[in-house]
Amino acid sequence: METKQERLQRLYESAYGIVKEVIGKDRVKEQARKIISVEIDKKAKTRNGQCRYRNGNCIIGISDYMFECSDVEIMTTLI
């Protein structure tokens, strides 16, 4: 059975692949260097996800309740 974190990582990699195809590898590579982690945000109640910046790096947080949604909805939030 896949954990929430494993599912999130799998969906992040899929979303990353889609963005790379649409925007281009070089542009995505330049921006993606700033993403240091993708996390489950257990405190979020009114948002699907957010990007938090610390010291020039990005942490993507996906709300815990999103895991009741389909993979497509989670990927849309990640994108």
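Our structure is the block above this text.
Described below are features of the structure shown in this document. (Residues numbered from 1 in each chain as written. Predicted model: local features only at pLDDT ≥ 70, side-chain atom pairs only at ≥ 80, totals over all residues. Heavy atoms only, no water.)

1. As for the pairing of strand 3 (residues 57–63)
Part 1 of the reasoning: The buried count for strand 3 comes to six of seven residues, which makes it a mostly enclosed element.
Part 2 of the reasoning: Sheet analysis places strand 1 (residues 35–41) next to strand 3, joined by six bridges and oriented parallel. Of the residues in strand 3, the one forming a bridge with Ser-37 is Ile-59.
Part 3 of the reasoning: Bridge count between strand 2 (residues 49–54) and strand 3: six bridges; the pairing is antiparallel. Bridge assignment links Tyr-53 to a residue of strand 3, and that residue is Cys-58. (Buried < 20%, exposed > 50% of the residue type's maximum accessible area, 1.4 Å probe, protein only. Helix = DSSP H or I, 4+ residues; strand = E, 2+ residues; numbered from the N terminus. Pairing = 2+ DSSP bridges.)

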